[in-house]
Structure formats: C-alpha cells, structure tokens
Amino acid sequence: MRICFTLRVRPDRIDEYKARHREVWPEMRAALSKAGWRNYSLFLAEDGLLIGYLECDDFDAALAEMARTEVNARWQAEMAEFFVGDGNADERMRPLDEVFHLD
C-alpha cells in the first residue's frame, strides 16, 4: 500500500529539521525498515508543509511496530518541538486519499 501524509514544521525550525534528517540515526533507519516502512521519503516546502510518502503492507501495523521501539520514542521526543501542534508526529499522521496513480 502507498501512504502519503502531511505535517507542518515550524518555519523557524526548518533549517535544523533538514539538518537532523541528513543524519537520521542508523538504529532509527533500521527500526523503520524492520517495521515494514519501504520507499520512505519526506518533502519539505519553504512554508513548513511536510509531505511524507511510504510504502508498507499495513500502515496501522507499521505505526504500531514503531511505537513499540525505544529508538522511536527517543526520536519522537527530540523531534516534537519541530512541529506545529501537540503530540508526536507519528500520532498525527493521517493518510491522504489517493485519487490517481500511474504505474
């Protein structure tokens, strides 16, 4: 299944957000892969609009698997201040409806 979601990065934190994602911890990358996240990409607009795309077999199961990991808890705690709104990013990801796909 293909998943696309949006979040909002605080405009004053965009540069640091980009820097953090140039150096995602190896153990975080491994946990995402083990949880079934494939072909995962993040795209960030100048105004802070963040668009995420990933492929997985079951999005709810992939999120639940990540929620059980210690490394994700650390990552989410460190990244929470970068986002507009309350709660961690994983809890606010809501898949968008796919309206067109071309193979």
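Residues numbered from 1 in each chain as written. Predicted model: local features only at pLDDT ≥ 70, side-chain atom pairs only at ≥ 80, totals over all residues. Heavy atoms only, no water.

In the nomenclature of an unreviewed UniProt entry, the protein chain is known as L-rhamnose mutarotase of Lentzea indica.

> Hey, could you go over the nonpolar core for me, with residue numbers and the actual values?
Counting 27 residues, the largest nonpolar core has Tyr 17, Met 28, Trp 37, Leu 54, Phe 59, Met 66 and Phe 83 as its most contacted members. Of all the secondary-structure elements, those providing two or more residues to this core are strand 1 (2–8), helix 1 (14–22), helix 2 (26–34), strand 3 (49–55), helix 3 (59–67) and helix 4 (70–79). Looking at which element gives the most residues to this core, the answer is helix 3, with four residues. Discounting chain neighbours no more than four positions away, the residues touching Tyr 17 are Val 9, Leu 42, Leu 44, Leu 50, Met 79, Phe 82 and Phe 83. (Core = buried A, V, L, I, M, F, W, Y, C linked by side-chain atoms within 4.5 Å. Buried < 20%, exposed > 50% of the residue type's maximum accessible area, 1.4 Å probe, protein only. Helix = DSSP H or I, 4+ residues; strand = E, 2+ residues; numbered from the N terminus. Contact = heavy atoms within 4.5 Å.)

> Go over helix 3 with me, naming the residues and quoting the values.
Taken as a whole, helix 3 has its buried residues at Phe 59, Ala 62, Leu 63 and Met 66. In a view along the axis of helix 3, the buried residues occupy a sector of 95°, so they form one face of it. Structurally, helix 3 contributes buried residues whose contacts are with strand 1, helix 2, strand 3, helix 4 and helix 5 (89–92). For helix 3, the N-terminal cap is Asp 58; the gap from its side-chain oxygen to the backbone nitrogen of Asp 60 is 3.1 Å. (Arc of directions from axis to C-beta. Polar contact = N/O pair within 3.5 Å; in protein donor to acceptor, adjacent residues only side chain to side chain.)

> Hey, could you go over the sheet that holds strand 3 for me, with residue numbers and the actual values?
Pairing is antiparallel across the open sheet formed by three strands, whose spatial order is 1-3-2. Here the strands that pair on one side only, and so sit at the sheet edges, are strand 1 and strand 2 (38–44). Ignoring which end each strand starts from, the neighbouring axes of this sheet average 15° apart. For strand 1 and strand 3, the ladder comprises seven bridges, and the chain directions are antiparallel. What sits directly across from Thr 6, in strand 3, is Ile 51. (Pairing = 2+ DSSP bridges. Axes fitted to C-alpha atoms, helices over the stretch in contact; angles between N-to-C directions.)

> A description of the pairing of strand 2 should follow, citing residues and the corresponding values.
Two faces make up the sheet, and in a regular strand the side chains alternate between them. As paired strands, strand 2 and strand 3 are joined by five bridges and run antiparallel to one another. Note on strand 3: the bridge partner recorded for Leu 44 is Leu 50.

> Any chance you could break down the environment of Asp 57 for me, citing the residues and the numbers?
By the secondary structure assignment, Asp 57 is in the loop between strand 3 and helix 3. Sequence separation between Asp 57 and Arg 38 is 19 residues; the distance between their C-alpha atoms is 9.3 Å. Apart from residues lying up to four places away in sequence, Asp 57 is in contact with Met 1 and Arg 38. Of the polar contacts made by the side chain of Asp 57, one reaches the side chain of Arg 38; its length is 3.5 Å.

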